[in-house]
Amino acid sequence: MTNDTHVPVAFLGTGLMGEGMAHNILKAGYPLTVWNRTKTKTADLEAAGASVAATPAEAVREADVVLYCLSDDNAVEEVVFGETGVLTGARAGQVAIDTSTVHPETSRRQAEAYGERGIDFLDAPVFGSKAEAAAGELWVVVGGRSEVLEPVRPILAAMSQSIHHMGEVGAGATMKLVGNLVVSLQLQALSEAFVLAAKGGLELPDVHAVLSEIDIRSPLIDNVGQALIDRDFTTSFALSNLLKDTHLISRLGAEQGVPLAGLDAVRETVTAAVNQGHGDENASALIKAVEQQAGVQRDT
Ligand code: NA7
């Protein structure tokens, strides 16, 4: 159905990630209705041609495909299951796609509620942050049936550079938490390495040059490493969202009987940095907790 760009789409949650995703769906030619709790965040989309709805229920009423990108499980609870939520406006035949990072159980619960109303569901969280969302270069990991995914693939393709079908509903959410386990550990490793290097008398640009070249190099080391040198903590993925993810990963680990000692350490660091007041800064601000623990004084 959706190779046809006349298919009406609704997008809910136009935060750092959602705004870019919605813009790219609009650019691809789909008629788009958007909704966000904080109204100011839909102004640019409206100027670009999107319709703005007053409630999630109103936003989804005329749509064939409904996407959302919300902070966490609680936000999904309110926007999907709430009083004027998606489920109160949705109708049989629609496809709902949750791109938020949530627990796989939240995906399964949504699939069940939608299924009772004849609505198909995919969990389709995304890798990448604000820049990749704006550029339409996210990486999507999907849980759900192929027959549901294939018709909406062009819509997901409008906002991404690749789409990975991981299995049943919940498999996309599980893959996202597995990926963010690695992200968390890399951020912690890079932070500890920089603090140790600086206290050990090395120049950070020299350290970065080595880490960016040797056989452990990664885009995260390249980009976050440079931002740490510049002390640039502009938010593209908020530290508060990383804290939320460490809790989700811990819960998944406990449920699956997998001890995650590295992740436990990251969660403590992130919690300390959030308690220092850095929750709205970029996730890389977790280095500020490592610095404090190491007795390093910094102005920024
Ligand atoms: P942002 O920029 O913090 O955006 C979060 C969005 O979720 C934003 O639209 C919020 O609305 C919305 N939100 C949060 N809580 C609620 C409730 N309770 N009700 C309605 N809407 C809500 O985060 P990102 O865009 O970086 O991340 C989104 C997801 O992708 C997240 O799962 C990440 O881990 C990955 P607001 O504008 O605050 O009114």
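Residues numbered from 1 in each chain as written. Predicted model: local features only at pLDDT ≥ 70, side-chain atom pairs only at ≥ 80, totals over all residues. Heavy atoms only, no water.

Participant: Break down the site of the ligand for me, citing the residues and quoting the values.
Facilitator: Residues in contact with the ligand amount to 21 residues; listed here are only the nearest, Leu16, Asn36, Thr38, Lys41 and Lys244. Residue Gly15 places a main-chain N or O atom 3.4 Å away from an oxygen atom belonging to the ligand. Separating an oxygen atom of the ligand from a side-chain N or O atom of Thr38 is a distance of 2.5 Å. Protein contact buries 88% of the 780 Å² of open area that the ligand shows by itself. (Near = heavy atom within 4 Å. Polar contact = N/O pair within 3.5 Å; in protein donor to acceptor, adjacent residues only side chain to side chain. Areas by Shrake-Rupley, 256 points an atom, 1.4 Å probe, with all protein chains shown as cover.)

Participant: So what's going on with the side chain of Thr269? Residues and values would help.
Facilitator: The residue Thr269 is located in helix α13 (residues 261-278) in this model. Under the relative-accessibility criterion, Thr269 is labelled buried at 4%. Within polar-contact distance, the side chain of Thr269 engages the side chain of Gln188 at 2.9 Å. Engagement of the side chain of Thr269 in a polar contact is seen with the backbone oxygen of Ala265, the distance being 3.0 Å. With sequence-adjacent residues up to four places away left out, Thr269 is seen in contact with Gln188, Leu286, Ala289 and Val290. (Helix = DSSP H or I, 4+ residues; strand = E, 2+ residues; numbered from the N terminus. Buried < 20%, exposed > 50% of the residue type's maximum accessible area, 1.4 Å probe, protein only. Contact = heavy atoms within 4.5 Å.)

Participant: Got a sec to walk through the nonpolar core? Specific residues and values, please.
Facilitator: One recurring pattern in soluble globular proteins: nonpolar side chains tend to sit buried together. One finds Phe11, Met21, Ile25, Leu32, Leu67 and Ile97 to be the most contacted residues of the largest nonpolar core, which totals 32 residues. Counting only elements with at least two residues in this core, the list comes to β1 (9-12), α1 (16-27), β2 (32-35), β4 (65-68), β5 (95-98), β8 (138-143) and α8 (146-157). For Phe11, the residues in contact, after removing those within four places along its chain, are Gly18, Met21, Ala22, Ile25, Leu32, Thr33, Val34, Trp35, Leu67 and Cys69. One finds Leu187, Leu190, Ala197 and Phe233 within the second-largest nonpolar core, a separate group that totals 25 residues. (Core = buried A, V, L, I, M, F, W, Y, C linked by side-chain atoms within 4.5 Å.)

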